[in-house]
Amino acid sequence: MHLESLLLRNFRKFKEEQFSFGRRTLISGPNGSGKTTLIEACAAALGGRSFRSADLKECIREGSDHFFVKAAVELGGLDRAELTAGADRKGQKKLTRDGQPVSRRALLAATSFVLCTQEDLEMVSGSPRKRRDLLDRAAMGMDRGYIDIASQYLRYVKQKTALLRSERKSGLKHLNEAAVPLISEIRRRRGTAARALSAHFAAAAAQAGLELSVEIRLSAEEGEEVRRRLHDRMAREIERGIPLYGPHLDDIQMELTGRSARSSSSGEVAFGAFCLRIAETVLLGEAGWPPVLFADEIFSFMDRDRRDRAFALIAALPFQTVVTSHRTPGEGNAPEDCTVIALEN
Amino acid sequence: MDYGIVRRLVETLRRLPGVSQKLAERIAFSLLQDPDAQRAVAELSTILDGASSCAACGWFIEKGKPCANCARDRRVICVVESFSDLIGIDRTGEFTGSFHLLGGLIAPLEGLLPEDLTGDALLRRVEAGGVEEVILALPATIEGEATVHYLHELLAPTGVTVSRIARGMPSNSKIEYLDRKTIGHALRERVKVS
Ligand SMILES: Nc1ncnc2c1ncn2[C@@H]1O[C@H](COP(=O)(O)OP(=O)(O)OP(=O)(O)O)[C@@H](O)[C@H]1O
Ligand SMILES: [Mg+2]
Ligand SMILES: [Zn+2]
């Protein structure tokens, strides 16, 4: 995929502005100049969601009642498309592709991008949710059919929650039985994604001249075991009124080079998170979905040496990259073939 | 402007499926002015007054008349979620057995649990004898799968063969949206539920 340009209207600090992107783009500017905002707007148009706010409507510029962003992209080969996202204060959200409304699912099935942001530190050191997201994105990258499996599973969780909250409880075991193959398949695919990510992680680190590894551990319960667990949990689930088992709750553990996140330094965690995103990028490319990599200020915790290694890794990627920095180019971090977007306050 | 009776008419028409605001307005004006359209509405309520559904199979019949679906070959029963799926399968011309309308799928979000479906009536039809196979023509969604498990469990004690139409079709897809060839193929390639 290739992002050609982005138009923002009433998106956070931007009233109306248009930006063009090259094969490599550096977004530079001081604190508060809108670097993260610009990446956030790209992600909204390409993925229908903000990575900073739970609700897209929080991106509406103060004093306006709706925002609109429009991206011109090349999806693959000659398949060009115009993707838009908009939201108003009432919470009405609209995504389109070439003027036609699209679901977020259809959008994610068509685009390919990787976001690397400050929030990624939580991927290593935070709650398992971020790690589940990482594996789900990687699994989706390896096979887009995973979107259907995951959405059927989500549907199961919703149906089951509705059932557990209702007076009547019949049908619970039938819903569970229907979910057994889904749960098994999600775990298998997450496991495959975890192994692929670990391999690409080690390769990226080696390329950066560092000997690092990541170990991702997750539940491998499948088939009969899943059936038994679901059955054992039924009484408690009815008592509590919520589902208590399944991939949406699975714990996923991560160790960096044999050490838990708690005993790693901030810089080590930051570099680890960065390498995971590089791994995700390479994985998507291998699967035939060359992504755009957006990297927003993940270098803050890294020392000079690691930062240079990280930049070198990005520069070596055979994909489109968009990187932010609060340094102005000329301080030695903008290669010649780089498109520079210089933002001001 | 106070639209009064016109508004009521339009709002009532809007309650019908597939009727947009524009279409509702068009129908409303013709109903108010055209005697032929008025007769059509009168006929509609006469027809509906005489309609009921068969307690055995769920198909729609004229009150007091025998059920055309129950009169078909009862050795093979094809279970469908709804009326529109029945039509989709009947149109292929490949199925000569009788149908069973389930009246939905297990879907707690829509307030539908096993006892809200016509599974018990299906069980009675099978227990009455002469049924060799029950084909479940249900969608490959979580709701469809849950319903397959429920019906399989319900029918297992009777010893009847329970099969389901072949997957291989896009998940989430409703049978009514599939073309004849695809439905015909799914029917022929059905597999035994175990
Ligand atoms: N809804 C909004 N309406 C108007 N301005 C907003 C809105 N939301 C955020 N801003 C402002 O936009 C500015 C840009 O924020 P942004 O996070 O994009 O900056 P940045 O360039 O990434 O800064 P840093 O270098 O600190 O990461 C901030 O000053 C913020 O106050
Ligand atoms: Mg920022
Ligand atoms: Zn009948």
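Residues numbered from 1 in each chain as written. Chains lettered and ligands numbered in written order. Predicted model: local features only at pLDDT ≥ 70, side-chain atom pairs only at ≥ 80, totals over all residues. Heavy atoms only, no water.

Regarding the coordination of the zinc ion (ligand 3)
Residues and elements named next belong to chain B.
Piece 1. All of the protein donors around the zinc ion (ligand 3) are Cys-54 (SG), Cys-57 (SG), Cys-67 (SG) and Cys-70 (SG); their distances to the metal are 2.2 to 2.4 Å.
Piece 2. Taken together, the four donor atoms surrounding the zinc ion (ligand 3) define angles of 102 to 116° at the centre, an arrangement classified as tetrahedral.
Piece 3. Counting gaps between the donor residues of the zinc ion (ligand 3) yields the pattern C-x2-C-x9-C-x2-C. Of this pair, Cys-57 sits in the loop between strand S1 (51–53) and strand S2 (60–62) while Cys-67 is found in the loop between S2 and strand S3 (73–80), placing the two residues ten residues apart along the sequence.
Piece 4. Overall, the relative accessible area of 11% leaves Cys-67 in the buried class. (Donors = N, O, S within 2.8 Å, 3.2 Å for Na, K, Ca; no water. Tetrahedral: all angles 85-135°; square planar, octahedral: opposite > 155°, others 65-115°. Helix = DSSP H or I, 4+ residues; strand = E, 2+ residues; numbered from the N terminus. Buried < 20%, exposed > 50% of the residue type's maximum accessible area, 1.4 Å probe, protein only.)

A word on the site of ligand 1
All names here are of chain A.
Piece 1. With respect to spatial proximity, 15 residues lie near ligand 1, and among them Gly-32, Lys-35, Thr-36, Thr-37 and Arg-52 are the closest.
Piece 2. A distance of 2.9 Å is found between an oxygen atom of ligand 1 and a backbone nitrogen or oxygen belonging to Gly-34.
Piece 3. Contact with the protein chains hides 69% of the accessible area of ligand 1, taken as 650 Å² for the molecule alone.
Piece 4. Within the shell around ligand 1, the residues separate by chemical class into two nonpolar, six polar and seven charged. (Near = heavy atom within 4 Å. Polar contact = N/O pair within 3.5 Å; in protein donor to acceptor, adjacent residues only side chain to side chain. Areas by Shrake-Rupley, 256 points an atom, 1.4 Å probe, with all protein chains shown as cover. Nonpolar A, V, L, I, M, F, W, Y, C, P; charged D, E, K, R; others polar.)

Quick notes on the pairing of S3(B)
Residues and elements named next belong to chain B.
Piece 1. Sheet topology places S3 next to strand S4 (residues 97–101); five bridges connect them, and they run parallel. Looking at the pairing, Val-79 lines up with His-100 of S4.
Piece 2. In the classification by handedness, the crossover that spans S3, the intervening helix H4 (residues 83–91) and the parallel S4 is right-handed.
Piece 3. Two strands pair when backbone bridges link them, and S3 and strand S5 (residues 133–137) are joined in this way by five bridges, in the parallel orientation. Considered in S5, the bridge of Val-76 is made with Glu-133. (Pairing = 2+ DSSP bridges. Right-handed = clockwise from strand over helix to strand, strands pointing away.)

Considering the pattern of salt bridges
Piece 1. In total, this model carries 38 salt bridges over all chains according to the counting rule given.
Piece 2. Across the salt bridge formed by Arg9(A) and Glu16(A), the nearest N and O atoms sit 3.1 Å from each other.
Piece 3. Residue Glu94(B) pairs with Arg188(B) through a salt bridge whose shortest N-O separation is 2.5 Å. Taken together, the positions of Glu94(B) in the loop between H4 and S4 and Arg188(B) in helix H7 (residues 180–188) put the pair 94 residues apart, joining distant regions of the chain. (Salt bridge = Lys/Arg side-chain N within 4 Å of Asp/Glu carboxyl O.)

Some words on the interface of chain A and chain B
Piece 1. Counting residues at the interface gives 20 residues for chain A, matched by 21 residues for chain B.
Piece 2. Taken as a group, Gln152(A), Arg168(A) and His174(A) account for 35% of the area that chain A buries against chain B, more than any other trio of residues on that side.
Piece 3. The interface formed by chain A and chain B holds five salt bridges in total.
Piece 4. Of the charged contacts, one joins Arg168(A) and Glu115(B) as a salt bridge, the two residues approaching to 3.3 Å between their closest N and O atoms.
Piece 5. Our count for the chain A to chain B interface comes out at ten residue pairs in polar contact (both at pLDDT 80 or more).
Piece 6. When residues of the side of chain A that touches chain B are traced back to their parent elements, those giving at least two are helix H5 (146–165) and helix H6 (172–207) of chain A.
Piece 7. When residues of the side of chain A that touches chain B are assigned to their parent elements, the largest contribution, eight residues, is made by H5(A).
Piece 8. Each residue belonging to the side of chain A that touches chain B can be placed in one class, and the counts come to seven nonpolar, six polar and seven charged. (Contact = heavy atoms within 4.5 Å. Buried area = accessible area lost by both parts, 1.4 Å probe.)

Thoughts on the packing of helix H4 (residues 128–142) of chain A against H6(A)
Residue and element names in this part refer to chain A.
Piece 1. With their axes 8 Å apart at the nearest point, H4 and H6 run at an angle of 90° to one another. Taken together, the axis directions place H4 and H6 in an arrangement best described as roughly perpendicular. Seen from H4, the contacting residues are Arg-132, Leu-134, Leu-135, Asp-136, Ala-138, Ala-139 and Met-142; seen from H6, they are Arg-189, Arg-190, Thr-192, Ala-193, Ala-194, Ala-196 and Leu-197.
Piece 2. Class assignment for the residues of the contact of H4 with H6 results in nine nonpolar, one polar and four charged. (Axes fitted to C-alpha atoms, helices over the stretch in contact; angles between N-to-C directions. Parallel < 35°, antiparallel > 145°, perpendicular 65-115°, else oblique.)

Quick word on the pairing of S5(B)
Every other side chain in a regular strand lies on the same face of the sheet, so the side chains alternate between the two faces.
Residue and element names in this part refer to chain B.
Piece 1. The element S5 is extensively covered by neighbouring structure, given that five of its five residues are classed as buried.
Piece 2. Going residue by residue along S5, you find Glu-133, Ile-135 and Ala-137 tucked away on one face and Val-134 and Leu-136 tucked away on the opposite face as well.
Piece 3. Across four bridges, S5 lies against strand S6 (residues 161–164) in parallel orientation. Residue pairing across strands places Ile-135 opposite Ser-163, the latter belonging to S6.
Piece 4. The parallel pair S5 and S6, bridged by helix H6 (residues 142–155), forms a crossover whose chirality is right-handed.

A closer look at the confidence of the model for chain B
Piece 1. Here chain B shows a mean pLDDT of 90. Residues at 70 or above account for 94%.
Piece 2. Interface confidence for the predicted complex, expressed as ipTM, amounts to 0.82; the pTM equals 0.86. (pLDDT = per-residue confidence, 0-100.)

Notes on the sheet that holds S3(B)
Residue and element names in this part refer to chain B.
Piece 1. Spatial ordering of the open sheet is given by S4-S3-S5-S6-S7, a layout of five strands whose pairing is mixed. Because the sheet does not close on itself, it has two edges, and the strands there are S4 and strand S7 (191–192).
Piece 2. Contacts between helix H5 (residues 119–127) and the sheet are confined to S3, S4 and S5, with S4 contributing the most and set at about 150° to the helix.

Overview of empty space enclosed by the protein
Residues and elements named next belong to chain A.
Piece 1. Scanning the model with the defined rule gives one cavity of 30 Å³ or more in all.
Piece 2. Considered as a void within the structure, the largest cavity measures approximately 70 Å³ in volume.
Piece 3. Leu-108, Thr-111, Ser-112, Phe-113, Arg-137, Met-140, Gly-141, Arg-144 and Leu-284 are the residues that line the largest cavity.
Piece 4. The biggest single contributor to the lining of the largest cavity is H4, with three residues.
Piece 5. Across the lining of the largest cavity, the residue classes tally to four nonpolar, three polar and two charged. (1 Å grid on protein atoms, 1.4 Å probe; cavity = no way out; pocket = protein on both sides within 12 Å on 5 of 7 lines; lining within 4 Å. Points joined across faces, edges and corners; volume = space filled by probe spheres on them.)

Points about the environment of Ala56(B)
Residue and element names in this part refer to chain B.
Piece 1. With respect to the element layout, Ala-56 can be found in the loop between S1 and S2.
Piece 2. Exposure remark for Ala-56: the relative accessible area of 29% places this residue in the partly exposed category.
Piece 3. Separated by 23 residues in sequence, Ala-56 and Val-79 place their C-alpha atoms 12 Å apart.
Piece 4. Residues in contact with Ala-56, not counting those within four places in the same chain, are Cys-70, His-100, Ala-121 and Arg-125.

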